[in-house]
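A look at the structure
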Amino acid sequence: NNMNKFLEKLRPLSGSEAPRLPQDPVGMRQQLQEELEEVKARLQPYMAEAHELVGWNLEGLRQQLKPYTMDLMEQVALRVQELQEQLRVVGEDTKAHLLGGVDEARTLLQELQSRVVNHTGRFREFFHPYAESLVSGIGRHVQELHRRVASHAPASPARLSRCVQVLSRKLTLKAKALHTRIQQNLDQLRDELSRAFAGTGTEEGAGPDPQMLSEEVRQRLQAFRQDTYLQIAAFTRAIDQETEEVQQQLAPPPPGHSAFTPEFQQTDSGKVLSKLQA
């Protein structure tokens, strides 16, 4: 009721006709500010509770999705370790082969190339279910979020539904993009390692330096793992950002927050009214 009376006083300011300046603009602004403070005081408990409840449920969503990204990182670490074991070239046996002559070195390097192709292919197969699980988990947990916040979000059911659908679509697209980028990283790793083994030991004379070859393999694997970790971490930050935006849409900050207070010094009264209505 107070809000309706409050907005009714401002209605002449927002009509299509040219606004009439009040006789006492300073007093008018002061009166509007006082009445706005009263409205804010009445809204404070309700807005604060809604903001907290929606935020609490969105934090629950973030915690539900965290195990999926942790699984991705664990799988990356495990598969990189397995590949590193398969490509270890500093043992005495492999040293003897690499230093024993061109033919022996070429045979061993071709075998290592085959291991690269085989194990990166297995990596892709192992990784796919975890990526699919992330996508399906997003859809399921976002729908759970919808049910949990439906009873206390200030937004209308239609607005709530739109926000949830947009959140689900954005996170799903980002999860699929993450999967694609990791697959691209894996393809790049396969090509780099294959070139490393193909480009050594082909000259007549002594075979390749085992220590240098081993170091190159280690650096390539480390770069792949680090880059993939960073991409997973970026996806996690995207989850935080998208859920924070949803909280602002479904339950804006309580009236005491600076974002709630309109600036009465601006000259566009239409903007003032728009902020007050919001």
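Given the structure is predicted, the values throughout are model-derived calculations rather than measurements.

1. Comments concerning the nonpolar core
Among the nonpolar cores identified, the biggest contains 44 residues, and Leu87, Ile138, Leu193 and Phe197 are the most heavily contacted of them. Of all elements in the fold, only helix 2 (25-86), helix 4 (102-149), helix 5 (157-198) and helix 6 (210-250) reach the threshold of two or more residues within this core. No other element matches the 13 residues that helix 4 contributes to this core. With near-sequence residues (within four places) excluded, Leu193 lies in contact with Leu83, Leu87, Val116, Val217, Arg220 and Leu221.

2. Quick look at the packing of helix 5 against helix 6
Where helix 5 meets helix 6, the closest approach of the two axes is 10 Å, and the angle between their N-to-C directions is 175°. It follows from the interaxial angle that helix 5 and helix 6 lie roughly antiparallel. Of the residues that constitute the contact of helix 5 with helix 6, the class distribution is 22 nonpolar, 5 polar and 10 charged.

3. Remarks on empty space enclosed by the protein
The probe, sized like a water molecule, is rolled over the atoms to show the empty space still left. Summed over all chains, the structure comprises 2 cavities of 30 Å³ or more. The space that makes up the second largest cavity amounts to roughly 40 Å³. Lining the second largest cavity are Arg79, Glu82, Leu83, His119, Arg122 and Phe123. When its residues are assigned to classes, the lining of the second largest cavity shows 2 nonpolar, 1 polar and 3 charged.

4. Digging into the environment of Val217
On the secondary structure map, Val217 appears in helix 6. A relative accessible area of 4% places Val217 in the buried class. Taking the C-alpha atoms as reference points, Val217 and Arg88, 129 residues apart in sequence, are found 8.4 Å from one another. Apart from the residues within four sequence positions on either side, Val217 is in contact with Leu87, Leu193 and Phe197.

5. Quick notes on the packing of aromatic side chains
For the coordinates displayed, the defined rule picks out 1 aromatic pair. Geometrically, the ring pair formed by Phe123 and Phe224 is edge-to-face, given 5.6 Å between the ring centres and 90° between the ring planes. Of the two residues, Phe123 is situated in helix 4 and Phe224 in helix 6; the sequence distance between them amounts to 101 residues. Like Phe224, Phe123 is buried. Positioned above the aromatic ring of Phe126, the side-chain terminus of Arg79 is 3.6 Å from the ring centre.

6. Things to note about the pattern of salt bridges
Inspection of the entire model under this criterion finds 13 salt bridges. When the shortest N-O distance is used, the salt bridge between Arg218 and Glu215 registers 2.6 Å. Here the residue Arg218 and the residue Glu215 both occupy positions in helix 6, the gap between them amounting to 3 residues, near one helical turn. Judged by its relative accessible area of 35%, Arg218 falls in the partly exposed class. We classify Glu215 as partly exposed; its relative accessible area is 31%.

7. Quick look at the confidence of the model for the protein
Where the model shows low pLDDT, its predicted coordinates should not be examined in detail. When pLDDT is averaged along the protein, the result is 78, and 67% of the positions lie at 70 or above. Between the elements of the protein, mean pLDDT differs from a low of 55, seen in helix 7 (residues 269-277), to a high of 91, seen in helix 5. Note on residues 258-267: pLDDT is under 50 here. Beyond four places in sequence and across chains, it has 21 contacts.

8. Thoughts on the environment of Ala131
In this structure, Ala131 sits in helix 4. Taking the C-alpha atoms as reference points, Ala131 and His179, separated by 48 residues in sequence, lie 6.1 Å from one another. Excluding residues within four positions of it along the chain, Ala131 makes contact with Leu72 and His179.

9. Some words on the side chain of Arg62
Within the element layout of this structure, Arg62 appears in helix 2. A polar contact is formed between the side chain of Arg62 and the side chain of Glu59, at a distance of 2.9 Å. Apart from residues lying up to four places away in sequence, Arg62 is in contact with Gly55, Ile239, Asp240, Thr243 and Glu244.

What counts and how
- Residue positions are given per chain, counting from 1 as you read along its sequence in written order.
- For a predicted model such as this one, the threshold for reporting local features is a pLDDT of at least 70, and the threshold for listing and counting side-chain atom pairs is 80 or more; totals across whole chains, interfaces and linings nevertheless cover every residue.
- No hydrogens and no water enter the side-chain calculation; it runs on all heavy atoms of the structure.
- By nonpolar core we mean a set of buried residues, namely Ala, Val, Leu, Ile, Met, Phe, Trp, Tyr and Cys, connected to one another through side-chain atoms within 4.5 Å.
- Throughout, exposure labels follow a simple rule: accessible area from a 1.4 Å probe, protein chains only, divided by the maximum for the residue type, with under 20% read as buried, over 50% as exposed, and the rest as partly exposed.
- Secondary structure elements follow DSSP: runs of H or I of four or more residues count as helices, runs of E of two or more count as strands, with numbering from the N terminus.
- Between two residues, a contact is recorded if the distance between any of their heavy atoms is within 4.5 Å.
- Angular values range over 0 to 180 degrees, each being the angle between N-to-C directions of two axes fitted as lines to C-alpha atoms, with helices fitted over their stretch in contact.
- In what follows, roughly perpendicular refers to angles from 65 to 115 degrees, roughly parallel to angles under 35, roughly antiparallel to angles over 145, and oblique to any angle outside these ranges.
- Under the scheme applied here, ten amino acids are nonpolar (Ala, Val, Leu, Ile, Met, Phe, Trp, Tyr, Cys and Pro), four are charged (Asp, Glu, Lys and Arg), and all others, including Gly, are polar.
- Only protein atoms enter the 1 Å grid, on which a cavity is a set of points fitting a 1.4 Å probe that cannot get out and a pocket is an open set with protein on both sides within 12 Å along at least 5 of 7 lines, lining residues being those with an atom within 4 Å of a point.
- Grid points are joined across faces, edges and corners, and a volume is the space filled by probe spheres set on the points.
- Put simply, two rings from Phe, Tyr or Trp (the six-membered ring, in Trp's case) pair if the centres are within 6.5 Å, and we call them stacked under 30 degrees between planes, edge-to-face over 60, tilted for the rest.
- Cation placement over rings: the criterion is NZ of Lys or CZ of Arg within 6 Å of the ring centroid and within 35° of the ring normal.
- Whenever Lys or Arg places a side-chain nitrogen within 4 Å of a carboxyl oxygen from Asp or Glu, that contact is recorded as a salt bridge.
- The pLDDT value expresses, per residue, how confident the predictor is, ranging between 0 and 100.
- A 3.5 Å cut-off defines polar contacts: any pair of N or O atoms within that distance qualifies, except that in protein one atom must be a possible hydrogen donor and the other a possible acceptor, and neighbouring residues in sequence count only when both atoms are side-chain atoms.

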